[in-house]
Amino acid sequence: MAKEGKRIRAAREGINPAKSYDLAEAVKLVKARATAKFDETVEVAMNLGVDPRHADQMVRGVCNLPNGSGRTVRVAVFARGAKADEAKAAGADIVGAEDLMETITGGTIDFDRCIATPDLMPLVGRLGKVLGPRGLMPNPKVGTVTMDVAGAVKAAKGGAVEFRVEKAGIVHAGIGKISFDDTKLVENIRAFADAVARAKPSGAKGTYIQRIAISSTMGPGVKVETATVLGQS
């Protein structure tokens with residue numbers, strides 16, 4: 001534990017916890033402090049002025065990151081016939097219908113994203129208690145219930161990230177890897193923040209995007225000046 005404490009203390013050196021940094025400077029600070037032996041994920045956390053317990057203040061959506069997420073995404077598709085063939089051709093890892101439902105019911109969930117054609121949603125609906133808590137339930141609002149299964153598979157593989165506000169009013173997502181160059185990370189962060197901004201619900205009052213911070217998997221958080229992310233300056 002003492003060793004970890006030293007590492008964390010060293011990583012926090014040079015970061016003023018009370019200061020909000022320009023986005024480009026914040027990215028440099030995060031990258032300089034990512035010292036793990038693996039390619040850490042760069043994560044964004046946004047505090048929103050919403051109470052998601054109210055339906056008109058729920059925030060969810062999807063963002064197609066311009067430079068991809070850097071992670072390998074395994075995609076499962078519920079489809080039959082020609083649509084199943086389309087999904088396979090587009091690179092889906094698992095494709096099926098009743099057989100896929102049985103696999104999931106049996107406890108095997110070997111995928112990160114789940115897509116379904118509308119006609120199979122009654123079947124998928126039976127898996128709500130399994131897929132829902134894991135954030136894997138297909139939803140038309142984020143493009144995972146669709147007849148364009150090929151497009152949805154390619155988007156998922158290419159760096160589409162889903163987001164959903166948590167109880168405390170926070171949205172977070174991995175938007176790239178430490179190995180990405182600074183410009184690509186800045187572009188991805190801005191694209192994600194823009195998608196969250198566009199998902200502003202009708203019931204949001206006051207300041208919608210209140211705080212933004214970025215970090216690496218093992219590194220400290222760095223506060224970011226919201227205007228430099230949202231293009232307000």
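Residues numbered from 1 in each chain as written. Predicted model: local features only at pLDDT ≥ 70, side-chain atom pairs only at ≥ 80, totals over all residues. Heavy atoms only, no water.

## Points about the environment of K88
Right, on to step 1. When you line up the elements, K88 lands in helix α3 (residues 81-90).
Right, on to step 2. In this structure, the C-alpha to C-alpha distance between K88 and V171, residues 83 residues apart in sequence, is 32 Å. (Helix = DSSP H or I, 4+ residues; strand = E, 2+ residues; numbered from the N terminus.)

## Topic: the pairing of strand β8 (residues 209-216)
Right, on to step 1. The pairing of strand β1 (residues 41-48) with β8 spans 7 bridges and is antiparallel. Residue A45 lies in a different strand from β8, and its bridge partner there is A213.
Right, on to step 2. Of the strand pairs in this sheet, β8 and strand β9 (residues 222-224) are connected by 3 bridges, and their pairing is antiparallel. Within the sheet, the bridge partner assigned to I212 lies in β9 and is V224.
Right, on to step 3. Counting the residues that bridge the hairpin from β8 to β9 gives 5 residues. (Pairing = 2+ DSSP bridges.)

## Some points on the packing of helix α2 (residues 23-32) against helix α8 (residues 182-198)
Right, on to step 1. As a packed pair, α2 and α8 sit with axes 10 Å apart at the nearest point and diverge in direction by 120 degrees. Between α2 and α8, the angle is such that the two are oblique. Once α2 is placed against α8, the crossing between them reads as right-handed. Where α2 abuts α8, its residues L23, A24, V27, K28 and K31 lie against D182, L185, V186, I189 and R190. (Axes fitted to C-alpha atoms, helices over the stretch in contact; angles between N-to-C directions. Parallel < 35°, antiparallel > 145°, perpendicular 65-115°, else oblique. Left-handed = near helix turned anticlockwise from the far one by under 90°. Contact = heavy atoms within 4.5 Å.)

## Some remarks on α2
Right, on to step 1. Of all the positions in α2, only L23, A26, V27, L29 and V30 are classed as buried. Angularly, the buried residues of α2 cover 160 degrees about the axis, an arc narrow enough to put them on a single face. Opposite the buried face of α2, at more than 90 degrees from it, the exposed residues are K28 and A32.
Right, on to step 2. If you follow the buried residues of α2, they end up packed against α8, β8, β9 and α9 (226-230). (Buried < 20%, exposed > 50% of the residue type's maximum accessible area, 1.4 Å probe, protein only. Arc of directions from axis to C-beta.)

## Some words on the confidence of the model for the protein
Right, on to step 1. The predicted model of the protein has a mean per-residue pLDDT of 91, with 94% of residues at 70 or higher.
Right, on to step 2. Confidence scores differ between elements of the protein, with helix α1 (residues 2-12) showing the lowest mean pLDDT of 59 and strand β3 (residues 75-78) the highest of 97. (pLDDT = per-residue confidence, 0-100.)

## A few points about the packing of α3 against helix α7 (residues 149-158)
Right, on to step 1. Where α3 contacts α7, the two axes come as close as 8 Å, and the packing angle between them is 25 degrees. Taken together, α3 and α7 sit at an angle that is classed as roughly parallel. The interaxial crossing formed by α3 with α7 has right-handed handedness. Along the contact surface, α3 presents K83, E86, A87 and A90, while α7 presents V149, A150, V153 and K154.
Right, on to step 2. Classifying every residue of the contact of α3 with α7 gives 5 nonpolar, no polar and 3 charged. (Nonpolar A, V, L, I, M, F, W, Y, C, P; charged D, E, K, R; others polar.)

## A look at the side chain of S216
Right, on to step 1. Relative to the assigned elements, S216 resides in strand β8.
Right, on to step 2. A distance of 2.8 Å separates polar atoms of two side chains, one belonging to S216 and the other to E40.
Right, on to step 3. Excluding residues that lie within four positions of it along the chain, S216 makes contacts with V30, A34, E40, T41, V42 and I178. (Polar contact = N/O pair within 3.5 Å; in protein donor to acceptor, adjacent residues only side chain to side chain.)

## Notes on the layout of surface pockets
Right, on to step 1. Taken as a whole, the largest pocket spans an internal volume of roughly 790 Å³.
Right, on to step 2. In terms of lining residues, the largest pocket is bounded by 29 residues, among which R134, G135, E162, F163 and H172 are the most central.
Right, on to step 3. A breakdown of the residues in the lining of the largest pocket according to their chemical character gives 12 nonpolar, 9 polar and 8 charged. (1 Å grid on protein atoms, 1.4 Å probe; cavity = no way out; pocket = protein on both sides within 12 Å on 5 of 7 lines; lining within 4 Å. Points joined across faces, edges and corners; volume = space filled by probe spheres on them.)

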